[in-house]
Protein chains: 2
Amino acid sequence: MKHFYQSEVKPYLITKSLNPENQETPIHFLNGDLVDEKLFYRRNHFSYPNFSSSFYFLPIVGLVHTPRTFSIQDLYSLPSRSIKMVLECSGDKRGLFEPKLFGEQWEKGAISQGIWKGVSLRTLLEHTGLVNSAKEFVFEAYDYGERPDSDSIFNFSRSLPIEKALEPDTIIAYEYNNQPIPFKHGFPLRLIVPGWYGMASVKWLKKITVIDKEFNGPFQTIDYVYYPNKENDNGKFPVTTVHVNSTIQYPLNSQLLHKGTYMIKGIAWTGNGRISKVEISIDDGQTWETCQLASAANKYSWISWNYKWEAVKKGEYTIKSKATDSQGNVQPSEPFWNRKGYGYNAIEKINVKVE
Amino acid sequence: MKHFYQSEVKPYLITKSLNPENQETPIHFLNGDLVDEKLFYRRNHFSYPNFSSSFYFLPIVGLVHTPRTFSIQDLYSLPSRSIKMVLECSGDKRGLFEPKLFGEQWEKGAISQGIWKGVSLRTLLEHTGLVNSAKEFVFEAYDYGERPDSDSIFNFSRSLPIEKALEPDTIIAYEYNNQPIPFKHGFPLRLIVPGWYGMASVKWLKKITVIDKEFNGPFQTIDYVYYPNKENDNGKFPVTTVHVNSTIQYPLNSQLLHKGTYMIKGIAWTGNGRISKVEISIDDGQTWETCQLASAANKYSWISWNYKWEAVKKGEYTIKSKATDSQGNVQPSEPFWNRKGYGYNAIEKINVKVE
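Residues numbered from 1 in each chain as written. Chains lettered and ligands numbered in written order. Predicted model: local features only at pLDDT ≥ 70, side-chain atom pairs only at ≥ 80, totals over all residues. Heavy atoms only, no water.

Caption draft 1: View of the overall build of chain A. A tally of regular secondary structure across chain A gives four helices and 24 strands. The C-alpha atoms of chain A give a radius of gyration of 22 Å, which matches the 20 Å a tight globule of 355 residues would have. In terms of overall dimensions, chain A has a C-alpha envelope of 70 × 60 × 40 Å along the principal axes. Out of the 355 residues belonging to chain A, those deemed buried represent 57%. Summarising the internal contacts of chain A: among those between residues at least 6 apart in sequence, 71% fall at separations of at least 24. Roughly 15,100 Å² of accessible area belongs to chain A as shown, and the carbon and sulfur atoms make up 47% of that amount. The centroid of the 41 positive side-chain charges in chain A is displaced by 3 Å from the centroid of its 38 negative side-chain charges. (Helix = DSSP H or I, 4+ residues; strand = E, 2+ residues; numbered from the N terminus. Rg over C-alpha atoms; globule rule 2.2 N^0.38 Å. Buried < 20%, exposed > 50% of the residue type's maximum accessible area, 1.4 Å probe, protein only. Contact = heavy atoms within 4.5 Å. Areas by Shrake-Rupley, 256 points an atom, 1.4 Å probe, with all protein chains shown as cover. Lys, Arg positive; Asp, Glu negative; His and termini not counted. Charge placed at Lys NZ, Arg CZ, Asp CG, Glu CD.)

Have a look at this one:
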């Protein structure tokens, strides 16, 4: 027997499903602004793929002048780019829609942040050239399986329009937080598309194909589409850029507090430029104050914010946070309802009671 | 680099707070009916205690003829009793109350099950005797701290009336699932009170004192009390026996399903005798069918149940489960509202959509 001086207490991923593995980040219990791979949310469509990384090569084919197959060593030898950025699942906060939507009930933790390092896709294209008629890039992954709406087997595949694919910050990443990308997050190579929701950042890259039309794979044309109507597909449009958003990390929703001074804290992020302002309300949105931002706002990364609150009076409080970005986007009072529940970014809201 | 043939996928505890540590069992993702310590919910009032288990002794004092101090070896040498049983926090399912109550937002996982082994308290009392005026047993634990409603420091302490304390199944446990009790669950000795909510099963036992009146510590008279009124304490009464209850483990709430045959499964338990029946409804309670029970019902332990559902028609379904115990208790349609949110046991309900 022994002394117990310290008992380690730590948060874990929050299990949403195990097959495929979908687990979210315990966003309220993070320290720092780089999320360790152990707490980085996992979002999969299929079982994890089996492939040999010993014989791993990434081909770029289709409408290029010189199709090429890149080894990982090839990538290491090219100029690199490191990007600290939010990766957010487009289903993040789906569980907050009222009435409830069906599907994975993500709460507020289908989001993480870290530093991805790799080579700009446009740098690779200097080695292959690009045919004039090129319109989209299709990124095929190693993971595959049946979709419930079809008897066919699909690999996970997504496309990018040429303009987005050629942005210097669209990279083929080989490191996460200065380590090889963890297998569950796309080892050895993952497409990273800053500013877009996570479905665009294809894991376990198998092949890149340049085509002259719009790609119509099911993860492009059935899933990851906003359907504004419950009963039909009218007005649908694709999920792309991350919406301006914020989350209160402390206090917790429904927390019982006692009179005292509290540092309310949270994060805010956007796929459009930078966060320019975070406001907070303690009185359910009647009055708003500006929060302190913990650092200068950077493109792609979340910003931590805080607000010192003197809880002097007993009672119930509805606390809200509202972020604005440099393109003038503001979190709306109500979420944009869409049938599959993507892109939730209504003003953040929690209730607490001071006793 | 290497092949990836298998990537381990496993559930974790669900973090509710870290200081003190409160984490719940991922009840929907359990295998088997003995919960591993890693997935056993953790519920604390204070930081983990520091004490030396090398000099550990358990005194029984107060209204006994011969006060005695028992070593762990003393306990090992006495006749033992093993009990497979549910331990459920009285705040389990608090998060389901509508409107929301304040306090720890336990979902459906503040419950676990395993085999506790130890010595009946009444066996220890054969060595101390008991004074006639004895009325309650007070169990003091090593964990302590400030309560937000007071400036004093309290150890966690709870009492049992003499009748409950002397039931043969009330044991001083030293093993959980055939191993020494994990530190976070009360090592080296934990009081185990089958049939009562978890607050009665005091961890890290420090001392047992027999008294001739009602104990009035704050975890007895302020917390763990049902307050039926929002604004006053009228009609309050203590939290004791576990209510008859059930949980649907599969499918998940808000899950999207496709036409097919599903095995709906769950657990049911009670602190009153045995589970005698579990019924299920697929049509929001209009019609009920009897579920298959996976084994004979035992006192104290949960029973697994299942029901084969042919989901042949598209649409939204409200699935309910309702358990009945051998004393005739049935889960109610509505939860018993009480200000601190204890003992939730309304009919279990989930919504799914078949596409």
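Now, onward.
Caption draft 2: Broad picture of the sheet that holds strand S18 (residues 260–269) of chain B. Residue and element names in this part refer to chain B. Spatially, four strands are ordered S16-S18-S22-S21 in an open sheet, and the strand pairing comes out antiparallel. Sheet topology places strand S16 (245–250) and strand S21 (292–293) at the edges, where each strand pairs with a single neighbour. Pairing geometry for S18 and strand S22 (residues 303–311), over nine bridges, is antiparallel. Pairing of Ile264 across the sheet is with Tyr307, part of S22. (Pairing = 2+ DSSP bridges.)

Caption draft 3: Region of interest: the UniProt feature "domain: Moybdenum cofactor oxidoreductase dimerisation" (unreviewed entry) in chain A. Following the UniProt record, one finds the feature "domain: Moybdenum cofactor oxidoreductase dimerisation" (unreviewed entry) at residues 240–354 of chain A. Split by type, residues 240–354 of chain A is 0% helix and 50% strand. Its first and last C-alpha atoms lie 40 Å apart. (UniProt positions renumbered as here; feature names shortened; annotations may be inferred.)

Caption draft 4: Structural view of the UniProt feature "domain: Oxidoreductase molybdopterin-binding" (unreviewed entry) in chain A. Here, the residues flagged by UniProt with the feature "domain: Oxidoreductase molybdopterin-binding" (unreviewed entry) are residues 45–218 of chain A. Measuring from the first to the last C-alpha atom of residues 45–218 of chain A gives 12 Å, for a span that is 10% helix and 37% strand.

Caption draft 5: Quick look at the packing of aromatic side chains. All names here are of chain A. Under the defined criterion, the tally for this structure stands at 47 aromatic pairs over all chains. Measuring from centroid to centroid gives 5.8 Å for Tyr48 and Trp204, while their planes differ by 90°, and the two rings are edge-to-face. Here Tyr48 is found in the loop between strand S3 (42–43) and strand S4 (58–62), whereas its partner Trp204 is found in the loop between strand S12 (190–192) and strand S13 (205–211), with 156 residues between them in sequence. The pair Tyr48 / Trp204 is uniform in exposure class, with both members buried. For the ring pair Phe237 and Phe336, a centre distance of 6.1 Å and an interplane angle of 35° mean the geometry is tilted. (Phe/Tyr/Trp six-rings, centres within 6.5 Å; stacked < 30°, edge-to-face > 60°.)

Caption draft 6: Seen up close, the pattern of salt bridges. Residue and element names in this part refer to chain A. Tallied over the full model, the rule gives 36 salt bridges over all chains. Between Lys84 and Asp33 there is a salt bridge; the shortest N-O distance is 2.5 Å. A residue pair is termed long-range when its members are at least 10 positions apart, and Lys84 in strand S6 (residues 81–88) and Asp33 in the loop between strand S2 (21–24) and S3 qualify at 51 residues. Because the salt bridges share partners, they merge into one network encompassing Lys16, Glu24 and Glu107. (Salt bridge = Lys/Arg side-chain N within 4 Å of Asp/Glu carboxyl O.)

Caption draft 7: Broad picture of the pairing of S22 of chain B. Residues and elements named next belong to chain B. Burial along S22 is one-sided: the residues Ile303, Trp305, Tyr307, Trp309 and Ala311 are buried and none of Ser304, Asn306, Lys308 and Glu310 is. Where S21 meets S22, two bridges bridge the pair, whose relative direction is antiparallel. Along S22, the bridge assignment pairs Gln292 with Asn306.

Caption draft 8: Focus on the relation of the copies chain A and chain B. Of the transformation superimposing chain A on chain B, the axial component is 0.0 Å and the angular component is 180°, with the fit at an RMSD of 0.0 Å. Such values leave the two copies arranged in the relation of a two-fold axis. Within chain A, Ile14 of chain A has its C-alpha nearest the rotation axis, a separation of 2.8 Å. A shared binding surface is used by both copies, with 100% of the interface residues of chain A retained as interface residues in chain B. (Least-squares fit on C-alpha atoms with pLDDT ≥ 70 in both.)

Caption draft 9: Highlighting unusual backbone geometry. Along the chain, Tyr250 of chain A connects to Pro251 of chain A via a cis peptide bond; the corresponding omega equals 0°. Looking at where Pro251 of chain A falls in the secondary structure, it is placed in the loop between strand S16 (245–250) and strand S17 (255–257). In this structure, Lys93 of chain A takes a positive phi of about 70° despite not being glycine. You can see Lys93 of chain A is positioned in the loop between S6 and strand S7 (111–120). Among the residues examined, Lys93 of chain A registers a relative accessible area of 0% and is labelled buried. One non-glycine residue with positive phi stands out, namely Trp204 of chain B, at about 45°.

Caption draft 10: Seen up close, the interface of chain A and chain B. Of the residues lining the interface, 49 residues belong to chain A; the matching set on chain B comes to 49 residues. Interface of chain A and chain B: buried area, both sides summed, is about 4,100 Å²; carbon and sulfur atoms make up 64% of it. Across the chain A-chain B interface, the total number found is two salt bridges. In this structure, Lys230 of chain A engages Glu316 of chain B in a salt bridge whose closest nitrogen and oxygen atoms are separated by 3.9 Å. Where chain A packs against chain B, one counts eight residue pairs in polar contact (both at pLDDT 80 or more). Mapped by element, the contributors of at least two residues to the side of chain A that touches chain B are strand S1 (14–18), S2, S17 and strand S24 (348–354) of chain A. The biggest single contributor to the side of chain A that touches chain B is S1 of chain A, with five residues. (Buried area = accessible area lost by both parts, 1.4 Å probe. Polar contact = N/O pair within 3.5 Å; in protein donor to acceptor, adjacent residues only side chain to side chain.)

Caption draft 11: Structural detail: the pairing of strand S4 (residues 57–62) of chain B. All names here are of chain B. Examined bridge by bridge, S4 and strand S5 (residues 68–71) share four bridges and lie antiparallel to one another. Each bridged residue has a counterpart across the sheet, and for Phe57 the counterpart in S5 is Ser71. Here S4 folds back onto S5 in antiparallel fashion, the turn holding five residues. The pairing of S4 with strand S13 (residues 205–211) spans three bridges and is classified as parallel. Counted as the bridge partner of Val61 is Thr209 from S13.

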